[in-house]
2 protein chains.
Amino acid sequence: MSDKKDSKPCHHCQSRSASLPADTTTIHYEKFWLYRHCSSVEQSHRQAQKAGQLFSGLLAMNVVFLGSAFISSMIFNRVAITLADVWILLSVLKVLCVFWVIYYLMGTSRKPHAILYRDSHAGPIWVRGSVLLFGSCSILLNVFEIGYSTILVRCKSNVEIMFPVIAILFIGTQIYFLWHHSKDCIQVQHNFTRCGLMVAVATNLLEWLLSVTNDSLHMEMESQLREVEQRFIAPGNETAMCVCPNTTICRVFQEGYILLYPFNTEYSLVCSSMLYVMWKNVGRTISHHHSLEKRPKFKLKGVLFGPVLGTSAVIIGACVFMMYQIQAATLDPSRQVLVIYFTYYIVLLPLMSVCAVVGTLIHALEKKELDTVQNPTRSLDAVLLMGAALGQIGMSYFSIVALIASNRRDLLNRLALAYSVLIIIQNITQNVFVIDGLHRRHVVAADEAKHARRCEQHTVAAELPGEEESTQDSVQEHSQTPPAKEEKEEDSKEVQNCEACRQRRMSVLELGQEIRKVSLSYIHTYSHLTWKRRVLREISFFLVLSNIILWIMPTFGSHPLFENGMERSFYGYSTWFVIVNFGLPLSVFYRMHSIGGLLEVYVTA
Amino acid sequence: MSDKKDSKPCHHCQSRSASLPADTTTIHYEKFWLYRHCSSVEQSHRQAQKAGQLFSGLLAMNVVFLGSAFISSMIFNRVAITLADVWILLSVLKVLCVFWVIYYLMGTSRKPHAILYRDSHAGPIWVRGSVLLFGSCSILLNVFEIGYSTILVRCKSNVEIMFPVIAILFIGTQIYFLWHHSKDCIQVQHNFTRCGLMVAVATNLLEWLLSVTNDSLHMEMESQLREVEQRFIAPGNETAMCVCPNTTICRVFQEGYILLYPFNTEYSLVCSSMLYVMWKNVGRTISHHHSLEKRPKFKLKGVLFGPVLGTSAVIIGACVFMMYQIQAATLDPSRQVLVIYFTYYIVLLPLMSVCAVVGTLIHALEKKELDTVQNPTRSLDAVLLMGAALGQIGMSYFSIVALIASNRRDLLNRLALAYSVLIIIQNITQNVFVIDGLHRRHVVAADEAKHARRCEQHTVAAELPGEEESTQDSVQEHSQTPPAKEEKEEDSKEVQNCEACRQRRMSVLELGQEIRKVSLSYIHTYSHLTWKRRVLREISFFLVLSNIILWIMPTFGSHPLFENGMERSFYGYSTWFVIVNFGLPLSVFYRMHSIGGLLEVYVTA
């Protein structure tokens, strides 16, 4: 393969300066008034990119701080700043976002050469699917809110019906936008697009913050509903006097609202992370090779124990979940159901941890090359995985301290303690396994890619000057290699460079033989490694299924950490609410994200 | 200059393989059981580095979470977890840190080739100086605490005297360690050192968290002292019954404790950031060129308006500060002194913002090259600057919302509002100016370095193989350039490479002439740019002095945002306390950090 590449003559080197002007028109290099005197267009492009990110980041920071101050004021001083004020601020932001998205769809993305590259790692189908799912639930939530408000129209202002309408518009536009454009690496109107994206991120973060704080109210409401039926029936505060008439439709709206609420929180979190990836991708150029890389397909062949074990975990989990929900509906979750719930976790979590550790060990045993090419989406994946795990781990530590300090020696206490410790271990081992797995390259592709990359670096790069720049840009993102830069700068020195180019090819030719030797022995060892691949696939499949059930249980409403009451009585009602409300949505997000990561590990194993 | 370099013969290329084994013994490449099958020692080194950072980071995360849970439990449930429990945890951590530091000083750092490189950007003198200052104050604080405890020994346990002793030991060891070793890029026992550093970071962060939450108690105590003289006299809680006997020495201890308290908070913050830089530098290799780069000296020549304006700002500020302190001592800070205080800020802040904007514009006008070489310390500087500014900006937004919502239309309200808005603007403009300035290269050095780098990339790199690797390592940190890697891997192909090497040098020779032309015109334009340099120096000098006074005022005890009482009554006592306590130390840290950054901008202007 390398011979083939090398047989191409050197005249590509000479045609470079001719093809350059055409190329610069396709890639819109960024400019910025601060950096006009850079020695190369590349450098000023990179600096402009950084400055654009800085300024749009500052914009988002200011919006987020303003919104947070509004929301905090609402929480601590309900007289001066009401929920309606916060809604007005959020609605203004949402309307701005909708206008920007429409402009992006109609204007920016339709400009010539606007979307030259698409990041294949961004917005995978499971993330877009969850945006669609959570978004639809959020729209339904808002529809219920409208219905609920129209029933109670006598004690609600008309403005309050406007907010859900704007929210529906915003969610709908955003779903469409993220579904079709989450992979874009936009090449025009960089700074305007960055600002638009950052306002959208800020809006989603504020929506999340509001729903977290409001969710606490709602949970409080639900648990106190039984005691003070009259006061806490409506989700707002100013509607406390409004009592739902005893019709079925009103009950449906109210129940639907309570059930669908968590989805809104998740929706905002997922959207923020997707928009952030888009923001990172603005102006990014991706190498031809990179974008064409075949992503392996999902195949269910050759795995047996993983699916069997995973499916049984899912089935048992579903049973436990249903028992828990039925018990919870009878107003008083008994100790027995909590014991069953914790026992289920205590059996499942060590199994998962052991699997993750074994998987990591197999990774270490496998003689597999590491993919060390810079990949912003993958780094972000790792960061999000770690960040989301913090929610669960933090919650567990708080729980551990409370359980140990309260010093009660009954079964439930011990089970809850074991549950918290195991959650921490499981999260950490799984994270190490997934992050390590994401850096291993696909076995079949690895061998070819190894050839291809080495050869292309010297030949294809010279063939397609635009490609070369983009390859290097993606490889050397955040860094700079002076020799490569010089090559770009001195176009007039083509002939000399071509000499060097030819020289390098000579050594590549001889290198080729060595690489072939290495790769032959590589393939040889690989055929003996099938059991390792199989075990990895079994493990990741089992972990995927386990994470699905661990995702379903808190998402659809079982929160034993809150309902067992031990930590609640230790920290006090409101403090434990805050901790749980920040931790739980993050833990749901973590499970969702792990599933995606594990699926990737599965298909690339 | 480039001719000189080029005249050296190519035999260095051949001597490369001979010198390699000697070199690999000096640089201790990292290994990790997870990554044993990498194709190159470089790659496995980089992966091992990442894995080491991940695992030590996880360790720190767990320690911080455990500690936070302890501290939160102490705050929300004083019965089960007492301050003494938290102190025991912290003391254990401190003892661990002290042992590790001693081991580092005696063992790790004395191993052969342990400290081959020192990061010249890390631990500048002003940071080490502030560690010394804050650390000494913290030691004094602990001495006062011991004295105070011995006076009140009848109602305190002996264990409580142990804690300050351990704290003094810890602070002293840490000051010594940071003073002498903050620049180290340690090359042995990577993972153990990383874990030690991370435990130290975690300990300092927990110390900070505790002092922030305890500081709130202390401030509460101070302000309520006048009302409930009997209850809140001692800084602890269990000592509430202990009343200080009416001796001078006891009063001195108490007053000293109150005065010195904020320094402890700052000390922990600064230490955390320095230890974090050290952690980032573990196993880092720095190029010869980079480490030899002359850092320009601080000279006070050619600036006039900056120092004059700055000094007057400092003098006026000092007067305002003293008036404020005298008034505050008389128990009831009058409106008048608050008006003077805010007016001072309202005059100074717009001036500073305008200067920063003008400085940024001059940066844009100047035809100066940007230093785009990866530099972890500088990136961290920028991140710390932005992060520390968040404290002040967040506090200001909370203040703005409170002031607008409370809707009082008197002078003080308007002044406080203007103050908050101006603080935000000043922070943002100054950050942009400093971050932009840090990326501009020193004018005199720039020209030489330009030559040097271009030539060295092809010649010196080949001369000193070890150096080459380290240059590339520092330049391409976080990325990977396959051609460079190949060169490293195929040592047996030296002869072919040497051909290519010679070829490249030929083109460099011709490049040299062009570069000389460019640099001559560069020097020509530079001589016409002196006024710009001068204005930049005036501006940065003025900003340094202004930041010094803005640093002194909150550090030594004037907190008008807390004492004016408007936001306090809006958010409620405890909420506003938490906001101010997180915001104020960060804002002090921000001023300190800005001074360092501005000094760098000044000397490199």
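Residues numbered from 1 in each chain as written. Chains lettered and ligands numbered in written order. Predicted model: local features only at pLDDT ≥ 70, side-chain atom pairs only at ≥ 80, totals over all residues. Heavy atoms only, no water.

Comments concerning the overall build of chain A
(1) Moving on: For chain A, the count of helices and strands is 23 helices and two strands.
(2) Moving on: Here chain A holds 605 residues, and the buried ones make up 61% of them.
(3) Moving on: Within chain A, residue pairs in contact and separated by at least 24 positions form 87% of the contacts whose partners lie at least 6 positions apart.
(4) Moving on: On chain A, roughly 24300 Å² of surface is accessible, and the fraction owed to carbon and sulfur atoms is 67%. (Helix = DSSP H or I, 4+ residues; strand = E, 2+ residues; numbered from the N terminus. Buried < 20%, exposed > 50% of the residue type's maximum accessible area, 1.4 Å probe, protein only. Contact = heavy atoms within 4.5 Å. Areas by Shrake-Rupley, 256 points an atom, 1.4 Å probe, with all protein chains shown as cover.)

So, helix α20 (residues 530–555) of chain B
(1) Moving on: Given a rise of 1.5 Å per residue, 26 residues ought to cover 38 Å, and the 37 Å separating the end C-alpha atoms of α20 of chain B matches this to within 8%.
(2) Moving on: Most of α20 of chain B sits out of view: 20 of its 26 residues are buried. (Expected span 1.5 Å × (residues − 1).)

A few points about the pattern of salt bridges
Opposite charge on two side chains makes pairing possible when the charged atoms of those side chains draw close.
Residue and element names in this part refer to chain A.
(1) Moving on: Scanning the entire structure with this criterion turns up five salt bridges over all chains.
(2) Moving on: Among the salt bridges present, the one from E207 reaches K94, with a minimum N-O distance of 2.9 Å. One end of the pair, E207, is in helix α8 (residues 190–225); the other, K94, is in helix α5 (residues 83–106), and 113 residues separate them in sequence. By the burial criterion, E207 is buried, and K94 matches it.
(3) Moving on: Measuring nitrogen to oxygen at the nearest pair gives 3.4 Å for the salt bridge that ties E538 to R534. (Salt bridge = Lys/Arg side-chain N within 4 Å of Asp/Glu carboxyl O.)

Focus on the packing of helix α12 (residues 335–365) of chain A against helix α20 (residues 530–555) of chain A
All names here are of chain A.
(1) Moving on: Viewed as axis vectors pointing N to C, α12 and α20 meet at an angle of 150°, and their least axial separation amounts to 10 Å. By the angle between their directions, the pair α12 and α20 is classed as roughly antiparallel. Pair α12 / α20 crosses with left-handed handedness.
(2) Moving on: Here the contact of α12 with α20 is composed, by residue class, of 21 nonpolar, four polar and one charged. (Axes fitted to C-alpha atoms, helices over the stretch in contact; angles between N-to-C directions. Parallel < 35°, antiparallel > 145°, perpendicular 65-115°, else oblique. Left-handed = near helix turned anticlockwise from the far one by under 90°. Nonpolar A, V, L, I, M, F, W, Y, C, P; charged D, E, K, R; others polar.)

Re a nonpolar patch on the surface
Residue and element names in this part refer to chain A.
(1) Moving on: Residues I88, V92 and L96 make up a contiguous nonpolar surface patch of about 260 Å² in total accessible area.
(2) Moving on: Tracing the backbone shows L96 in helix α5.
(3) Moving on: With relative accessibility at 48%, the residue L96 sits in the partly exposed group. (Patch = residues over 30% accessible without salt bridge, like charges linked within 9 Å, V, L, I, M, F, W, Y side chains within 5 Å.)

Regarding the packing of aromatic side chains
(1) Moving on: For the coordinates displayed, the defined rule picks out 38 aromatic pairs over all chains.
(2) Moving on: Here Y345 of chain A and Y419 of chain A contribute two aromatic rings whose centre-to-centre distance is 5.0 Å and whose plane-to-plane angle is 80°, an arrangement assigned as edge-to-face. Residue Y345 of chain A is found in helix α12, and its partner Y419 of chain A is found in helix α14 (residues 411–439); the two are separated by 74 residues along the sequence. When sorted by exposure, Y345 of chain A lands in the same class as Y419 of chain A, which is buried.
(3) Moving on: Through a chain of ring-to-ring contacts, the aromatic side chains of Y324, Y341, F342, Y344, Y345 and Y419 of chain A assemble into a single cluster.
(4) Moving on: A cation over a ring is seen here: R128 of chain A above W179 of chain A, with NZ or CZ 5.0 Å from the ring centre.
(5) Moving on: Its guanidinium or amino end placed over the ring of Y602 of chain B, R537 of chain B lies 4.8 Å from that ring's centre, counting from NZ or CZ. (Phe/Tyr/Trp six-rings, centres within 6.5 Å; stacked < 30°, edge-to-face > 60°. Lys NZ or Arg CZ within 6 Å of the ring centre and 35° of its normal.)

Considerations on the side chain of Q430 of chain A
Residues and elements named next belong to chain A.
(1) Moving on: In this structure, Q430 sits in helix α14.
(2) Moving on: At 2.6 Å, the side chain of Q430 forms a polar contact with the side chain of Q426.
(3) Moving on: In this structure Q430 touches M352, A356, L543, N547, Y590, R591, S594 and L598, once residues within four positions along its chain are discounted. (Polar contact = N/O pair within 3.5 Å; in protein donor to acceptor, adjacent residues only side chain to side chain.)

Observations regarding the packing of helix α6 (residues 125–151) of chain A against helix α23 (residues 573–604) of chain A
Residue and element names in this part refer to chain A.
(1) Moving on: One way to put it is that α6 packs onto α23 with a least axis distance of 10 Å and a crossing angle of 150°. Classified by the angle between their axes, α6 and α23 sit roughly antiparallel to one another. For the pair formed by α6 and α23, the contact residues are W126, S130 and F134 on the first element and M592, H593, G596 and G597 on the second.
(2) Moving on: Residue composition of the contact of α6 with α23, by class: three nonpolar, four polar and no charged.

Quick notes on the state of the cysteines
Residue and element names in this part refer to chain A.
(1) Moving on: The full count for this structure, using the stated rule, is zero disulfides over all chains.
(2) Moving on: Distance from the sulfur of C137, which forms no disulfide, to the nearest cysteine sulfur (C271) is 13 Å.
(3) Moving on: Here C195 stays free of any disulfide, with the sulfur of C97 as its closest cysteine sulfur at 12 Å. (Disulfide = S-S within 2.5 Å.)

Points about unusual backbone geometry
Residue and element names in this part refer to chain A.
(1) Moving on: A positive phi angle, close to 50°, is found at Q189, a residue other than glycine.
(2) Moving on: Tracing the sequence through the fold places Q189 in the loop between β2 (184–185) and α8.
(3) Moving on: What makes Q189 partly exposed here is its relative accessible area of 26%.

Overview of the confidence of the model for chain A
Parts of the model with low pLDDT should not have their predicted coordinates read in detail.
Residue and element names in this part refer to chain A.
(1) Moving on: For chain A, the average pLDDT comes to 74, and 67% of its residues sit at 70 or higher.
(2) Moving on: Under a pLDDT of 50 for its full length, residues 1–24 has, in the predicted model, 40 contacts with residues more than four places off or in other chains.
(3) Moving on: Ignoring residues within four places in sequence, the model shows residues 226–240, a span with pLDDT below 50, making 25 contacts including any to other chains.
(4) Moving on: The ipTM for the predicted assembly is 0.71, set against a pTM of 0.74. (pLDDT = per-residue confidence, 0-100.)

Observations regarding the side chain of S587 of chain B
All names here are of chain B.
(1) Moving on: Turning to its location among the elements, S587 is positioned in helix α23 (residues 573–604).
(2) Moving on: The class for S587 is buried, based on a relative accessible area of 3%.
(3) Moving on: Non-local contacts of S587, meaning those with residues more than four positions away in its chain, are made with A388 and Q392.

Description of the environment of F177 of chain A
Residue and element names in this part refer to chain A.
(1) Moving on: For F177, the position within the fold is in helix α7 (residues 159–181).
(2) Moving on: What makes F177 buried here is its relative accessible area of 1%.
(3) Moving on: Not counting residues within four places of it along the chain, the set of residues in contact with F177 comprises W100, V101, Y104, L105, S182, L197, L275 and M278.

Here we look at the environment of G172 of chain B
(1) Moving on: Note that G172 of chain B resides in helix α7 (residues 159–181).
(2) Moving on: Sequence spacing of G172 of chain B and N407 of chain B is 235 residues, and the spatial spacing of their C-alpha atoms is 50 Å.

Topic: the environment of L269 of chain A
All names here are of chain A.
(1) Moving on: Relative to the elements of secondary structure, L269 occurs in helix α9 (residues 248–281).
(2) Moving on: Sequence separation between L269 and V127 is 142 residues, and the spatial gap between their C-alpha atoms is 11 Å.
(3) Moving on: Ignoring any residue separated from it by four or fewer positions in sequence, one finds L269 in contact with W208, P585, L586 and F589.

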